[in-house]
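# Coordinate inspection notes
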Amino acid sequence: MFLRILAALPFIGILLGVPFVNRVEPLVLGMPFVLAWIVLWVILISIIMAIVYRFDPTNRQTAVDTEEARS
Amino acid sequence: MSSALVIIALFTAFALFLGLRAKRGHDMSLEQWTVGGRSFGTAFVFLLMAGEIYTTFTFLGGSGFAYGKGAPVYYILAYGSLAYILSYWMLPPIWRFAKAQRLISQPHFFSRKYDSPALGVLVALVGVAALIPYLVLQLKGLGIIVATTSYGVISSTSAVWIGAAVVTCYVIVSGVRGSAWNSVVKDTLILAIVLFLGIYLPIHYYGGLSDMFHTINAAKPGFLTFPAKGSSVAWFQSTVLLTALGFFMWPHTFGSVFTAKDERIFRRNAIVLPLYQLILLFVFFVGFAAVLKVPGLKGGDIDLSLFRLSLQTFDPWFVGVIGGAGVLTALVPGSMILNTASTLLANDVYRGMLKRDATDDSVKKLARILVPVVALVAVTFTLRGGETIVALLLMGYSFVTQLFPAMVCSLAPHNRATKQGAFCGILAGVAVVAVTTLMHISMGQLFPFLPDAAKDVNIGFVALALNIIVFVLVSAVTQPRASGQQPAHTQAH
């Protein structure tokens, strides 16, 4: 459950966040602020998915299955 | 003949060679031809899925949209990444079911899940209806590239014909394997070129990224943020959500899920694919760089901006390299789309509706015969149409997203939705998209009493809402008697 809430954050950040950051200044890394905001979330998505992957019990389960299938 | 053209011809020949060679060592059964024998590892599946990102849509459409519309282009960066989050939970069960049932196509999935061949046929038709504009936009891109880089020697009409012929050839011979190998070449090349252009052009013309955006902001205030009306924030939100849901509903993307050899591939890819999206930034930078340097492109011509700026900046040989990469971005996705569209028609419409007992072999033969037919239809539309690349893609997205509700419900352990519900829901949604697209109706015209923000909501969203309502209502009415004992609420998945 916790993992799914974590994965829902980017939807909130991008879909609901954009109206509040819809401006050009200050430029971040040379990009308009609203663009930088979206870029930030794309990077966060990658990090979040890495965390989800690490802690999702399903992956440990499948890992065992795959090894069993191989041996 | 310009050196640019020679280089592009070499690229095209090479793509054809790779596509033809890919079939070696594989007996081309129907399962091989369509889903690569379900044997692809992380890297290949990654590339097939990332293939969605680097088509002419991003290369020319992305830069063109940045050039012509400004901030609304940011949506392209957002929706794919959100779709990858969904993919983590959505794709593994789809893959498991597909493997267990030996499915080879998306309509196949629907017809098995709902036990209704008619639903399979409907899904196949929706898929083909969405794929044709997608193929048209690839061919359109191809025409632009060849016509521009040949400095006018080859007309875009003949370029479209040549390109369509090349794709047709190698799809007939090697099916999805041809696409996978060409993806490797295409992605490497396009990555290098997009990074180079996106970094070099802003520095060359403006002195740097910050300087470029400052200059644009001063020259065209409001261009870099979402406007109050039109492609506003409400448009962004509804479009991103709609396209994120539709992302994996494309028949060829859905089909590429079947090529994987195990389900963890999808979970792992969900981590890396969002970062891969960031390359799009550099495509945007090219489009923004063009804004003040090659002004004056209007309407459908905004898709030309990347090449106009390149022509003005580089020697012909380098324009040729960019063009060659551009040709690949049209050919590779084009071939996947063509492959999928003909498989849908042969396997799901022909076998699903007309001749239930057709053998795999005859389906495969028919699919191959249909390849040039589909290509021909797309060429016809390409030569007639005037829409921009992004407009074409958004229309396709509105179509395929209609499949989302029925697909998600079918993944639930106790699916309470019925085949009648799924059928009517999809039909209602698609009808709304078709009517509003053909008649160019927007939310504002449909509901003039709404506040401005609501008027900008993507019309595909209305279709989706209606789809869900019909889906739920019809499913409720058509519940089988026997399920009366089951708990009243739908099981969450």
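Residue numbers run consecutively from 1 along every chain, following the written order of its sequence. The naming scheme follows written order: chains are lettered A onward, ligands numbered 1 onward. Given that this is a predicted model, residues contribute local features only at a pLDDT of at least 70 and side-chain atom pairs are listed and counted only at 80 or more, while totals for whole chains, interfaces and linings are drawn from all residues.

This brings us to the overall build of chain A. Per the convention used, a helix needs a DSSP run of H or I reaching at least four residues, while a strand needs a run of E reaching at least two, with both numbered from the N terminus. When helices and strands are counted, chain A shows three helices and zero strands. What you see in chain A, going N to C, is helices and strands ordered as α-α-α.

What follows is about the overall build of chain B. A count of helical and extended segments in chain B gives 22 helices and zero strands. A separation of at least 24 residues holds for 84% of the contacts in chain B among residues at least 6 apart in sequence. Contact criterion: two residues are in contact if their C-beta atoms, reconstructed from the backbone, are within 7 Å.

Before going further, it helps to examine the domain arrangement of chain B. Residues and elements named next belong to chain B. Start and end positions for the domains come from either an automated domain assignment or a database one. Its domain assignment divides chain B into domain 1 (3-391) and domain 2 (402-493). In this assembly, 22 residues from domain 1 lie in contact with 22 residues from domain 2. Elements with a minimum of two residues in the side of domain 1 that touches domain 2: α6 (106-113), α7 (117-149) and α10 (233-246). Class assignment of the residues belonging to the side of domain 1 that touches domain 2 gives a composition of 13 nonpolar, six polar and three charged. Under this grouping Gly is polar, as are all residues other than the nonpolar Ala, Val, Leu, Ile, Met, Phe, Trp, Tyr, Cys and Pro and the charged Asp, Glu, Lys and Arg.

Let us look at unusual backbone geometry. Cis geometry marks the peptide bond from Glu25(A) to Pro26(A), where omega comes out at -5°. With respect to the element layout, Pro26(A) can be found in the loop between α1 (2-16) and α2 (33-55). Not every positive phi belongs to a glycine, and Asp115(B) is a case in point at roughly 50°. Structurally, the position occupied by Asp115(B) is in the loop between α6 and α7.

Turning our attention to the packing of helix α15 (residues 316-354) of chain B against helix α16 (residues 360-384) of chain B. Residues and elements named next belong to chain B. In this analysis an axis means a line fitted to C-alpha atoms, helices contributing only their contacting stretch, and an angle means the value between N-to-C directions, from 0 to 180 degrees. Contact geometry of α15 with α16 gives a least axis separation of 8 Å together with a crossing angle of 130°. The pairing of α15 with α16 is recorded here as oblique in orientation. Viewed along their axes, α15 and α16 form a crossing whose handedness is right-handed. Facing α15, whose interface residues are Leu338, Ala341, Ser342, Thr343, Leu345, Ala346, Asn347, Tyr350 and Arg351, α16 presents Val363, Leu366, Ala367, Leu370, Val371, Val374 and Ala375. Split by residue class, the contact of α15 with α16 holds twelve nonpolar, three polar and one charged. Working rule for angles: under 35 degrees goes down as roughly parallel, over 145 as roughly antiparallel, 65 to 115 as roughly perpendicular, anything else as oblique. Helix crossings get a hand from a simple test, with the near helix turned counterclockwise from the far one by less than a right angle marking a left-handed crossing and a clockwise turn marking a right-handed one.

It is common to give the size of an interface as the accessible area that goes away when the parts come together. Contacts between the two partners involve 34 residues from chain B, matched on the other side by 28 residues from chain A. Looking at the side of chain B that touches chain A, the elements that each hand over two or more residues are α5 (75-101), α9 (209-219), α10 and α12 (264-277) of chain B. The dominant element in the side of chain B that touches chain A, judged by the number of residues it contributes, is α12(B), at eight residues. Along the lines of polarity and charge, the residues of the side of chain B that touches chain A split into 22 nonpolar, seven polar and five charged.

All right, on to the packing of α1(A) against α2(A) then. All names here are of chain A. Orientation of α1 relative to α2, taken along the N-to-C sense of each, is 170°, at an axis distance of 10 Å. With respect to α2, the axis of α1 lies roughly antiparallel. In this structure, α1 contributes Leu3, Leu6, Ala7, Leu9, Pro10, Gly13 and Ile14 to the contact, and α2 contributes Ile38, Trp41, Leu44, Ile45, Ile48, Ile51, Val52 and Phe55. Class assignment for the residues of the contact of α1 with α2 results in 14 nonpolar, one polar and no charged.

To continue, consider the confidence of the model for chain B. Residue and element names in this part refer to chain B. A score between 0 and 100, pLDDT records how confident the predictor is in each residue. On average, residues of chain B carry a pLDDT of 83, and 89% of them reach 70 or more. When the elements of chain B are averaged for pLDDT, helix α2 (residues 30-35) gives the smallest value, 66, and helix α13 (residues 279-293) the largest, 92. Reported for the predicted complex are a pTM of 0.86 and an ipTM of 0.86.

Counting residues in hydrophobic clusters, the biggest one holds 190 residues, and the most contacted among them are Ile38(A) and Val286(B). A total of 20 residues in this core trace back to one element, the largest contributor, which is α7(B). Mapped onto the domain boundaries, this core takes at least three residues apiece from domain 1 (3-391) and domain 2 (402-493) of chain B. Setting aside its immediate chain neighbours within four residues, Val286(B) contacts Ser63(B), Leu197(B), Gly198(B), Leu201(B), Leu306(B) and Leu309(B). The nonpolar core is taken to be a set of buried Ala, Val, Leu, Ile, Met, Phe, Trp, Tyr and Cys residues joined by way of C-beta atoms within 7 Å. Residues with at least 20 neighbouring C-beta atoms inside 10 Å of their own are called buried, those with 12 or fewer are called exposed, and the rest are partly exposed, where every C-beta is derived from the backbone.

The next point concerns the environment of Phe97(B). Residues and elements named next belong to chain B. Checked against the element boundaries, Phe97 lands in helix α5. Using a count of 15 C-beta atoms within 10 Å as the deciding quantity, one classes Phe97 as partly exposed. Separated by 161 residues in the primary sequence, Phe97 and Phe258 place their C-alpha atoms 9.7 Å from one another.

Moving on, we get to the environment of Ala417(B). On the secondary structure map, Ala417(B) appears in the loop between α18 (404-411) and α19 (419-438). Other than its neighbours up to four places away in sequence, Ala417(B) contacts Ala406(B), Cys409(B), Ala422(B), Phe471(B) and Ser475(B).

Let's shift gears to α7(B). Residue and element names in this part refer to chain B. The span you would expect from a helix comes to 1.5 Å times its residue count less one. Its 33 residues give α7 an end-to-end C-alpha distance of 47 Å, which sits within 8% of 48 Å, the value for a rise of 1.5 Å per residue. The buried fraction of α7 is high, at 29 of 33 residues. Positive backbone phi, at 50°, marks Tyr151, one or two positions downstream of α7.

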